[in-house]
Amino acid sequence: MVGSVTSAQLVIKNAVIYTSDPSLPWAESMAIRSGRILALGNFSSLHAQGFIGRQTRFLDLQGKFVVPGFIDSHVHLISGGLQMAQVDLRAVKSKSEFIRKVEQVVHGMDKDHWVLGGGWNNEYWGGELPQASWFDNITRDNPVWLSRMDGHMGLANSMALAKVGISNSTDDPVGGSIIKSMDGAPTGLLVDAAMQLLLPHIPDPTIQERRNAMIRASKIGLSRGVTAVVDFGRYFPGSSTNRVWQDFYEVYRWADESSRMLLRVCLFFPLETWSLVADTFKNARRTLSQWIHIGGVKAFADGSLGSNSALFYEPYVDDGSNHGLHVANPDWLSDTVIKADKIGIQVAIHAIGDKANDIVLSIFEDLIFKNGVKDRRFRIEHAQHLAAGAVDRFGANDLIASVQPQHLLDDAASAVKKLGERRAVQESYLFNSLLSRNARLAFGSDWPVAELDPIGGIKAATRRIPTDWHTPWIPSERITVDAALNGYTISAAFAAFMENEIGSLSIGKWADFVVLSRNLWNVTDVEDFPFVLATYIGGVHAYP
């Protein structure tokens, strides 16, 4: 085996390498050639096997901790990149700070120019929902649209409402609601499908703005150790399905063909366009290039907890006549999923409330009956609140629960307020229960809803201690470091049909890896979690 053909171009040595590969969980050295892994083991064994040649370069990590590149299983990459250049309300903790942030952006802005932004979470200031009246007096010349952190609700000012024709007499659309005051006047808040009344009137960002947003977002990902993402695109209830396709051709294909991709992406498209997915990719494999992988289609069963639009069996404690929303007609959802699955398209469905999850589980069980058993890797995105029996159904059907650990940090207090103590504790973020029933967990962030930060996600999943809390929320649902790390690596890769290329540091796979400041297994305090020192993709130094 000695010789330049088989010798490594790069050898990592003196490292503590966790591979996420059960056949060889740990290694001290790793040999890389042409971006892929040639061998793992200790340095002397790699040398003895002939993987070290005259041209081999060495990276001595002096005992640093190495893990596979993180895979974020649920992001909206371009949306997040665009939001980075807009009004950022993610950290706002009061009404006055909310108004001040808007005022700072409006000052000096051209008349009639849309003020865009979002990330606000009303639970941060006690739960009161914002209204257009908060800032109408400072935005008389500019329409405003500010999305809630979960993307299922947004706030418009009165100028924007008038511009798009929303008034006292406007009825709620199917799958959405216009929040109104006691006298019937719109407050400015639009939920789920009601956003479609406004969003088409907002000028789309230019191609260059979207390209810049993708690159900007990718750089953030690399700084957090993310080497691959599953991107569900700029598709939310009420938004156009065309956006995801425009971004595929005008951003991702452009970046791939011009060698500007920085992260590996797995792309999902709106379920409504399943036949277009079939026609576009019928002659292609799932992998278009080393950078672009075609995932499948996605739909919404319900809304979100924070906007009181997640679908539950019992009503919200703080809104006694409201059970949530069917964002999509269940019959249409079932029929369309069966059609897409029949021709081999992977399906992912957003479900947060307990009733919504049961509806999606029933759709999947019907799917097996009608289309037969096969390796389909059906995904339920969020799987946030599960009724009795749902956990067992995940495991029995080998379903993928694509979950976001950091969401539990924001939802711990609000879930009790909205669902009551019993329902919140019995149903919420049941990670350990799902794993114990042989369900598969794939971890993500839903960025920009939560931070694009796998280390933060691992911390949330293993500790479950919300900000300003001193004790864990539902401690029995904490999981091990191994399980959490696998959720961001090999399990995430499996959930996207990418486990043969990435997800573990294994012979033949891409050499995507992250160097951390310390061993994750040696963390003793909640504040001692490591940070990213360096990120490599295909053996190439990508950050810093």
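Residues numbered from 1 in each chain as written. Predicted model: local features only at pLDDT ≥ 70, side-chain atom pairs only at ≥ 80, totals over all residues. Heavy atoms only, no water.

Right, let's get into the overall build of the protein chain. Per the secondary structure count, the protein chain includes 16 helices and 24 strands. Taken over the C-alpha trace, the protein chain has a radius of gyration of 24 Å; the compact-globule value for 544 residues is 24 Å, and the two agree within 12%. In terms of its C-alpha atoms, the protein chain occupies a principal-axis envelope of roughly 80 × 55 × 55 Å. Here the protein chain holds 544 residues, and 59% of them are scored as buried. For the protein chain, restricting intrachain contacts to residue pairs at least 6 apart in sequence, the fraction spanning at least 24 positions comes to 72%. Counting every atom, the protein chain has about 21,400 Å² of accessible surface; 51% of that belongs to carbon and sulfur. Between the averaged position of the 51 positive side-chain charges in the protein chain and that of its 58 negative side-chain charges there is a distance of 6 Å. (Helix = DSSP H or I, 4+ residues; strand = E, 2+ residues; numbered from the N terminus. Rg over C-alpha atoms; globule rule 2.2 N^0.38 Å. Buried < 20%, exposed > 50% of the residue type's maximum accessible area, 1.4 Å probe, protein only. Contact = heavy atoms within 4.5 Å. Areas by Shrake-Rupley, 256 points an atom, 1.4 Å probe, with all protein chains shown as cover. Lys, Arg positive; Asp, Glu negative; His and termini not counted. Charge placed at Lys NZ, Arg CZ, Asp CG, Glu CD.)

This part covers the sheet that holds strand S9 (residues 87-88). Read across the sheet, 6 strands follow the order S9-S10-S11-S12-S14-S13 without closing on themselves; strand pairing throughout is mixed. Sheet topology places S9 and strand S13 (176-180) at the edges, where each strand pairs with a single neighbour. (Pairing = 2+ DSSP bridges.)

A full pass over the atoms with the stated rule returns 4 cavities of 30 Å³ or more. Approximately 250 Å³ is the volume found for the largest cavity. As for the largest cavity, its lining consists of 26 residues, of which Asp150, Ser304, Ile352, His407 and Val449 are closest to the centre. Those elements giving two or more residues to the lining of the largest cavity turn out to be strand S17 (292-300) and helix H11 (407-419). In terms of residue count, the dominant contributor to the lining of the largest cavity is H11 (5 residues). Along the lines of polarity and charge, the residues of the lining of the largest cavity split into 7 nonpolar, 11 polar and 8 charged. Domain assignment of the residues forming the lining of the largest cavity places at least three in each of domain 2 (78-201) and domain 3 (301-445 + 456-479). Roughly 70 Å³ of internal volume is contained in the second largest cavity. What lines the second largest cavity is simply Ile78, Asp231, Phe232, Gly233, Arg234, Val244, Asp247, Phe248, Tyr252, Leu267, Phe268 and Phe269. (1 Å grid on protein atoms, 1.4 Å probe; cavity = no way out; pocket = protein on both sides within 12 Å on 5 of 7 lines; lining within 4 Å. Points joined across faces, edges and corners; volume = space filled by probe spheres on them. Nonpolar A, V, L, I, M, F, W, Y, C, P; charged D, E, K, R; others polar. Domains from an automatic or database assignment.)

Axis separation between helix H5 (residues 207-223) and helix H6 (residues 242-257) bottoms out at 10 Å; the angle between their running directions is 60°. What the angle tells us is that H5 and H6 run oblique. As H5 packs across H6, the resulting crossing turns out to be right-handed. In this structure, H5 uses Ile207, Arg210, Arg211, Met214 and Ile215 to contact H6, whose residues at the interface are Gln246, Asp247, Glu250, Val251, Tyr252, Trp254 and Ala255. Partitioning the contact of H5 with H6 into residue classes produces 7 nonpolar, 1 polar and 4 charged. (Axes fitted to C-alpha atoms, helices over the stretch in contact; angles between N-to-C directions. Parallel < 35°, antiparallel > 145°, perpendicular 65-115°, else oblique. Left-handed = near helix turned anticlockwise from the far one by under 90°.)

Let's shift gears to the environment of Asp110. Following the sequence through the fold, Asp110 ends up in the loop between helix H3 (95-106) and strand S10 (115-120). Take Asp110: its relative accessible area is 59%, and that puts it in the exposed class.

Examined at the domain level, the protein chain breaks down into domain 1 (1-63 + 504-543), domain 2 (78-201) and domain 3 (301-445 + 456-479). The gap between the C-alpha centroids of domain 2 and domain 3 is 27 Å. In this complex, domain 2 contributes 14 residues to the contact, which on the side of domain 3 involves 14 residues. Interface area for domain 2 against domain 3, summed over the two sides, is near 950 Å², with a carbon-plus-sulfur share of 53%. Considering only the surface of domain 2 that becomes buried against domain 3, Glu123, His152 and Gly175 emerge as the three largest contributors, covering 42% of it. For the interface between domain 2 and domain 3, the tally reads 2 salt bridges. When the shortest N-O distance is used, the salt bridge between Glu123 and Lys418 registers 4.0 Å. The interface formed by domain 2 and domain 3 contains 4 residue pairs in polar contact (both at pLDDT 80 or more). The residue inventory of the side of domain 2 that touches domain 3, partitioned by class, reads 4 nonpolar, 6 polar and 4 charged. (Buried area = accessible area lost by both parts, 1.4 Å probe. Salt bridge = Lys/Arg side-chain N within 4 Å of Asp/Glu carboxyl O. Polar contact = N/O pair within 3.5 Å; in protein donor to acceptor, adjacent residues only side chain to side chain.)

With respect to the helices and strands, Leu434 occurs in helix H13 (residues 431-436). The spacing of Leu434 and Val337 is 97 residues in sequence and 24 Å in space, taken between C-alpha atoms.

Right, let's talk about the sheet that holds strand S24 (residues 540-543) for a bit. One open sheet accounts for 6 strands, arranged S3-S2-S7-S22-S23-S24; its pairing is mixed. The open sheet has two edge strands with one neighbour each: strand S3 (26-27) and S24. Sheet topology places strand S2 (residues 16-18) next to S3; 2 bridges connect them, and they run antiparallel. Paired with Tyr18 across the two strands is Trp26, which belongs to S3.

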